[in-house]
Amino acid sequence: MANAHDAQELHAGLGAAEPCISPKFLYDALGSKLFEAICELPEYYPTRTEAAIFERHGAEIARVAGTGATMIDLGAGNCAKAAKLFPLLQPTQYVAVDISSEFTHDALARLRQRFPQIAMEALGMDFSNRFELPELVRAERRLFFYPGSSLGNFTPEQAHEFLMRLRAQCGSDGGILIGIDLAKDKATLDAAYDDALGVTAAFNLNILRHVNQLVDADFDIRQWRHHGFYNAARGRIEMHLEARTAQDVHWRGGARRFEAGDCIHTENSYKYQQADAIKLLERSGFEATRVWTDPQRWFAVIHAQA
Ligand code: AVI
């Protein structure tokens with residue numbers, strides 16, 4: 001069952017002239033597992049490319065970012081990326097923030113046993129619209145960890161506002177370690193968001209199953225088709241769901257007819273030029289200190305100081 005805010009957001013999106021569902025609804029428990037599976041796909045290069053950057057440059061990243069911080073992992077998921085860096089970054093406190101808190105709680109329970117010296121907290125919250133950290137998050141030396149290029153799921157303007165909110169919560173000695181997916185050829189991008197196995201299709205279609213649960217909707221998932229492609233003019237991946245047949249869909253407080261071929265927009269994933277990503281960080285009050293990238297320059301890990 002959705003809270004009143006989510007129910008209202010879904011109602012507005014489904015009823016809009018260009019129907020949309022916020023990508024945050026991709027991540028129920030099954031959606032988070034499907035996203036984990038996406039990260040294993042040969043076509044989905046961001047995860048392994050970023051992991052290789054951390055593997056190769058981890059020691060230097062720790063030197064630049066500094067050890068002993070409060071590490072705040074935004075969109076922590078199964079916490080695996082942060083955990084790999086614990087031996088290098090040696091955080092004193094680790095705060096795992098994720099919209100799907102059930103998933104993150106289980107991951108933290110396992111990590112507490114492996115790293116008993118690190119204080120750990122799980123925060124189940126949607127940090128996309130507003131962001132206030134509770135008092136249990138230590139205020140000194142906050143290092144925001146935002147890997148995986150999730151910044152790309154905001155529009156550049158939303159990304160700017162989001163980064164400004166983070167900057168305001170950093171304190172004077174804080175910073176951010178962020179992963180940015182860089183612009184590249186269309187064929188590579190198209191394949192990454194429309195894989196041969198159909199895992200991304202399942203991930204996208206699962207949003208309808210989730211919406212059915214949240215607002216008692218009656219989407220017939222078999223009547224929808226996944227589209228994921230790079231829109232070069234807009235510098236972003238777009239994910240849509242297309243109605244295979246004409247159909248009426250009902251949800252608590254609303255209804256709508258979809259004709260065959262009508263689409264619901266479910267996600268954007270912006271791809272940045274490295275220089276534009278740095279400009280965005282600097283416009284938001286950060287100072288970029290170092291960029292690490294892979295040999296193909298497909299992905300960048302950036303450290304920026306508050
Ligand atoms: C979470 N986020 C960075 C992913 C992306 O690449 O934009 C979500 C995703 N959507 C489809 N595949 C992966």
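All figures in this text were calculated on a predicted structure; none of them were measured in a lab.

Cut-off values and rules
- Residues numbered from 1 in each chain as written.
- Predicted model: local features only at pLDDT ≥ 70, side-chain atom pairs only at ≥ 80, totals over all residues.
- Heavy atoms only, no water.
- Core = buried A, V, L, I, M, F, W, Y, C linked by side-chain atoms within 4.5 Å.
- Buried < 20%, exposed > 50% of the residue type's maximum accessible area, 1.4 Å probe, protein only.
- Helix = DSSP H or I, 4+ residues; strand = E, 2+ residues; numbered from the N terminus.
- Contact = heavy atoms within 4.5 Å.
- Near = heavy atom within 4 Å.
- Polar contact = N/O pair within 3.5 Å; in protein donor to acceptor, adjacent residues only side chain to side chain.
- Areas by Shrake-Rupley, 256 points an atom, 1.4 Å probe, with all protein chains shown as cover.
- Nonpolar A, V, L, I, M, F, W, Y, C, P; charged D, E, K, R; others polar.
- Pairing = 2+ DSSP bridges.
- Axes fitted to C-alpha atoms, helices over the stretch in contact; angles between N-to-C directions.
- UniProt positions renumbered as here; feature names shortened; annotations may be inferred.
- Arc of directions from axis to C-beta.
- Phe/Tyr/Trp six-rings, centres within 6.5 Å; stacked < 30°, edge-to-face > 60°.
- Right-handed = clockwise from strand over helix to strand, strands pointing away.

**A few points about the nonpolar core**
One finds Ile 21, Val 211, Val 215, Phe 219 and Trp 224 to be the most contacted residues of the largest nonpolar core, which totals 37 residues. Breaking this core down by element, the ones donating at least two residues are helix H1 (4–15), helix H2 (29–38), helix H7 (186–192), helix H8 (199–215), strand S6 (224–231), strand S7 (236–243) and strand S8 (247–251). The biggest single contributor to this core is H8, with eight residues. Those residues in contact with Val 211 that sit more than four places away from it in its chain are Leu 10, Leu 14, Ile 21, Asp 216, Ala 217 and Phe 219. By size, the runner-up hydrophobic cluster in this structure holds 32 residues, among which are Phe 162, Ile 176, Ile 178 and Tyr 272.

**Some points on the site of the ligand**
The local shell around the ligand holds 14 residues, among which Tyr 44, Asn 153, Tyr 193, Glu 267 and Ser 269 are the closest. For the ligand, an oxygen atom lies 2.5 Å from a polar atom in the side chain of Tyr 44. Within the side chain of Tyr 193, an N or O atom sits 2.4 Å from an oxygen atom of the ligand. Here the ligand has 350 Å² of accessible area as a free molecule, and 98% of this is covered by the chains. Secondary structure elements with two or more residues in the shell around the ligand: H2, H8 and strand S10 (263–270). Here the residues of the shell around the ligand sort into seven nonpolar, six polar and one charged.

**Focus on the sheet that holds S10**
Read across the sheet, three strands follow the order S6-S7-S10 without closing on themselves; strand pairing throughout is antiparallel. At either margin of the open sheet sits one strand with a lone partner, and together these are S6 and S10. Adjacent strand axes in the sheet meet at a mean angle of 20 degrees, parallel and antiparallel pairs treated alike. Here eight bridges tie S6 to S7, and the two strands are oriented antiparallel to one another. Bridging across to S7, Gly 228 finds its partner in Met 239.

**Description of the sheet that holds strand S3 (residues 119–124)**
Strand pairing in a sheet relies on backbone hydrogen bonds. The paired strands run either parallel or antiparallel. If you trace the seven strands from one edge of the open sheet to the other, you get S3-S2-S1-S4-S5-S12-S11, paired in mixed fashion. With partners counted over all chains shown, the strands left at the sheet margins are S3 and strand S11 (287–293), one partner each. Averaged over all pairs of adjacent strands, the angle between strand axes in this sheet comes to 20 degrees, irrespective of strand direction. Bridge analysis of strand S1 (residues 70–74) against strand S2 (residues 93–98) gives five bridges, and the strand direction is parallel. In the sheet register, Asp 73 faces S2, and the bridge partner there is Ala 96. On top of the sheet, helix H9 (residues 274–283) reaches strand S5 (175–181), S11 and strand S12 (299–305); it is set at about 150 degrees to S11, its chief contact.

**What to know about the UniProt feature "domain: Histidine-specific methyltransferase SAM-dependent" (unreviewed entry) in the protein**
In the numbering used here, UniProt assigns the feature "domain: Histidine-specific methyltransferase SAM-dependent" (unreviewed entry) to residues 8–305. Note that residues 8–305 is 37% helix and 26% strand, and that its end C-alpha atoms are spaced 37 Å apart.

**So, H9**
Those residues of H9 that sit buried are Ala 277, Leu 280 and Leu 281. Projected onto a plane normal to the axis of H9, the buried residues spread over an arc of 100 degrees and lie on a single side. Lining the buried residues of H9 we find helix H6 (156–169), S5 and S12.

**Focus on the packing of aromatic side chains**
On inspection of all chains with the given rule, the structure shows 16 aromatic pairs. Centroid distance Phe 35 to Phe 203: 6.0 Å. Interplanar angle 35 degrees. Geometry classified as tilted. Of the two residues, Phe 35 is situated in helix H2 and Phe 203 in helix H8; the sequence distance between them amounts to 168 residues. Here Phe 35 falls in the partly exposed class, since its relative accessible area comes to 26%. With a centroid separation of 5.9 Å and an interplanar angle of 35 degrees, the aromatic rings of Phe 127 and Phe 162 are classed as tilted. Pair noted here: Phe 127 is in the loop between S3 and strand S4 (142–146) and Phe 162 is in helix H6, with a separation of 35 residues, a long-range link. Grouping residues by exposure puts Phe 127 and Phe 162 together as buried.

**Points about the pairing of S4**
With five of its five residues buried, S4 lies for the most part within the structure. What you see with S4 is no split at all: Arg 142, Phe 144 and Tyr 146 on one side and Leu 143 and Phe 145 on the other are buried throughout. One ladder, built from four bridges, connects S1 with S4; its direction is parallel. From the neighbouring strand, Asp 73 faces S4, where its bridge partner is Phe 145. Inspection of the sheet shows S4 paired to S5 by four bridges, in the parallel sense. Directly across from Phe 145, in S5, lies its bridge partner Leu 177. With H6 bridging S4 and its parallel neighbour S5, the resulting β-α-β unit is right-handed.

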